[in-house]
Amino acid sequence: MNVDQLVAIDTHTHAEVSCWNPFDNYGEEYDRAADKYFGSNRRPTIDETVAYYRERKIGLVMFTVDSEAKLGRRRIPNEEIAEAAKKNADMMICFASIDPHKGRMGAREARRLIEEHGIKGFKFHPTVQDFLPYDKMAWPIYEVIAEHKMPAIFHSGHSGIGSGMRCGGGLRLQNSNPMLLEDVAMDFPDIQIVVAHPSWPWQDEALSLALHKPNVWIDLSGWSPKYFPPQLVQYANTLLKDRMLFGSDFPLITPDRWMADFEEAGFKDKVKPGILKGNAMRLLGLGQPAAAGACPASGRSAAAAG
Ligand SMILES: [Zn+2]
């Protein structure tokens, strides 16, 4: 990434449709329920998303969610996103998603994606992937991630997917309690774990975990900052300012809206550059943010945290 040219790095964007595979309409009832819940049915292609971000000079991390075992729907190929990231290497990074039910075969895929496709991290969704984060089933994939010292994003908190469906679509919210990541954080200190979203109804669990385990980060995606719980803003302004990350959850929320609301949500000016870009640079190994200016302490604190 050419970070000097970017105004921000969005660490949480979704690939929604594949241009390589024909649309798989299996389980479309989940889409319709989600459209209703989110009040939107926008599903841009990968190229459309990248063009949107390029226009705004915002870098992006993009991934899909492989939930083939639980939902029975063919995933978007990780390779398709990786290829887009390669073509747009100045502003885009690809994380891979591998259903933990794939076990050792999934671990082989993880290794191949890292070595041959330039994958820089991984995304998990314990609710739609129907697994507990500390389940040994996922260990083979975690081992590969740890070996490469890469970040892994875990969805946390409520899920719009399944909301309002009979039996919640068979999906368990409880799998996405961030405290379930504690054993993963302890057994894999070389994985940088990103707890995605304000973790409602478990916001305090996420903050406690991040305060206690220095390899735990929080991305602020999925909600307008206007609605963030006050304690999340409080810790972003103080003890956790070096481990909070801008993320939108595009296309659910646009970076335009997120960044406009961020300005009004009570964040101190001195922590904003770190949240918007500097912290993501350290997480993604893109170098240290410039020491001059509004965020002089971030480099020092990061070293102390390790
Ligand atoms: Zn998301």
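Please refer to the structure higher up on the page.
Before going into details, it helps to say that this report is about the structure given with it. (Residues numbered from 1 in each chain as written. Predicted model: local features only at pLDDT ≥ 70, side-chain atom pairs only at ≥ 80, totals over all residues. Heavy atoms only, no water.)

1. Describing the coordination of the zinc ion
Stage number 1. Each protein donor to the zinc ion is listed here as His12 (NE2), His14 (NE2) and Asp249 (OD); together their distances run 2.0 to 2.2 Å.
Stage number 2. Sequence positions of the residues that donate to the zinc ion give the spacing H-x1-H-x234-D. One end of the pair, His12, is in strand 1 (residues 8-14); the other, Asp249, is in the loop between strand 8 (244-245) and helix 10 (255-263), with 237 residues separating them in the sequence.
Stage number 3. On the basis of relative accessibility, which here comes to 0%, the residue His12 falls in the buried class.
Stage number 4. Here Asp249 falls in the buried class, since its relative accessible area comes to 11%. (Donors = N, O, S within 2.8 Å, 3.2 Å for Na, K, Ca; no water. Helix = DSSP H or I, 4+ residues; strand = E, 2+ residues; numbered from the N terminus. Buried < 20%, exposed > 50% of the residue type's maximum accessible area, 1.4 Å probe, protein only.)

2. Structural notes on a nonpolar patch on the surface
Stage number 1. Together, Tyr37, Phe38 and Leu252 make up an exposed nonpolar region whose accessible area comes to about 260 Å².
Stage number 2. Within the secondary structure, Phe38 sits in helix 1 (residues 28-38).
Stage number 3. Relative accessible area serves as the criterion here: at 33%, Phe38 is assigned to the partly exposed category. (Patch = residues over 30% accessible without salt bridge, like charges linked within 9 Å, V, L, I, M, F, W, Y side chains within 5 Å. Areas by Shrake-Rupley, 256 points an atom, 1.4 Å probe, with all protein chains shown as cover. Salt bridge = Lys/Arg side-chain N within 4 Å of Asp/Glu carboxyl O.)

3. Some details on unusual backbone geometry
Stage number 1. Residue Pro201 is bonded to the preceding Trp200 through a cis peptide linkage, with omega at 5°.
Stage number 2. Its location among the elements puts Pro201 in the loop between strand 6 (192-196) and helix 8 (203-212).
Stage number 3. That bond from Phe250 to Pro251 is cis: its omega, 5°, falls within 30 degrees of zero.
Stage number 4. Mapped onto the elements of the fold, Pro251 is located in the loop between strand 8 and helix 10.

4. Looking at the environment of Ser224
Stage number 1. Relative to the elements of secondary structure, Ser224 occurs in the loop between strand 7 (216-219) and helix 9 (230-236).
Stage number 2. Put simply, Ser224 and Ile253 are 29 residues apart on the chain and 7.5 Å apart in space, counted from C-alpha to C-alpha.
Stage number 3. Other than its neighbours up to four places away in sequence, Ser224 contacts Ile253, Arg257 and Asp261.
Stage number 4. Polar contacts involving the side chain of Ser224 include one to the side chain of Asp261, which spans 2.6 Å. (Contact = heavy atoms within 4.5 Å. Polar contact = N/O pair within 3.5 Å; in protein donor to acceptor, adjacent residues only side chain to side chain.)

5. Points about the nonpolar core
Stage number 1. Grouped together as the largest cluster of nonpolar side chains are 83 residues, with contacts concentrated most on Phe122, Tyr142, Phe267 and Ile275.
Stage number 2. Broken down by element, this core gets its largest block of residues, six residues, from helix 6 (residues 139-147).
Stage number 3. Setting aside residues no more than four positions away along its own chain, Ile275 makes contact with Leu220, Ala236, Lys241, Met244, Leu245, Phe246, Trp258, Phe262 and Phe267.
Stage number 4. If you look at the next biggest cluster of nonpolar residues, it comprises six residues, including Ala33, Leu71, Val128 and Met165. (Core = buried A, V, L, I, M, F, W, Y, C linked by side-chain atoms within 4.5 Å.)

6. Side note on the sheet that holds strand 1
Stage number 1. Reading across from one edge, 1-2-3-4-5-6-7-8 is the order of the eight strands in this open sheet, with parallel pairing throughout. Since the sheet does not close on itself, it has two edges, and those belong to strand 1 and strand 8, each with one partner.
Stage number 2. Against the sheet, helix 6 touches strand 4 (121-124) and strand 5 (151-155), its axis set at about 150° to strand 4. (Pairing = 2+ DSSP bridges. Axes fitted to C-alpha atoms, helices over the stretch in contact; angles between N-to-C directions.)

7. As for the side chain of Ser159
Stage number 1. Along the chain, the position of Ser159 falls in the loop between strand 5 and helix 7 (182-187).
Stage number 2. At 3.1 Å, the side chain of Ser159 forms a polar contact with the backbone nitrogen of Ile161.

8. Overview of the packing of helix 10 against helix 11 (residues 272-283)
When two helices pack together, their arrangement is given by the angle between the helix axes and the distance between those axes.
Stage number 1. Close contact between helix 10 and helix 11 brings their axes to 11 Å; oriented N to C, the two are set at 150°. Comparing their axes, helix 11 and helix 10 come out roughly antiparallel. In contact with Trp258, Met259, Phe262 and Glu263 of helix 10, helix 11 contributes Lys272, Ile275 and Leu276.
Stage number 2. Here the contact of helix 10 with helix 11 is composed, by residue class, of five nonpolar, no polar and two charged. (Parallel < 35°, antiparallel > 145°, perpendicular 65-115°, else oblique. Nonpolar A, V, L, I, M, F, W, Y, C, P; charged D, E, K, R; others polar.)

9. Observations concerning the pairing of strand 5
Both faces of the sheet carry side chains from a regular strand, because those side chains alternate between them.
Stage number 1. Burial within strand 5 is extensive, with five of its five residues counted as buried.
Stage number 2. In strand 5, alternate side chains face the same way, and those of Pro151, Ile153 and His155 on one face and Ala152 and Phe154 on the other are all buried.
Stage number 3. As paired elements, strand 4 and strand 5 share three bridges and run parallel to each other. By the bridge assignment for strand 5, Lys123 is matched with Ile153.
Stage number 4. Chirality of the crossover, the property in question, places the unit of strand 4, helix 6 and strand 5 among those that are right-handed.
Stage number 5. Across five bridges, strand 5 lies against strand 6 in parallel orientation. Among the inter-strand pairings, His155 is bridged to a residue of strand 6, identified as Ala196.
Stage number 6. Tracing the backbone out of strand 5, into helix 7 and back to the parallel element strand 6 gives a crossover that is right-handed. (Right-handed = clockwise from strand over helix to strand, strands pointing away.)

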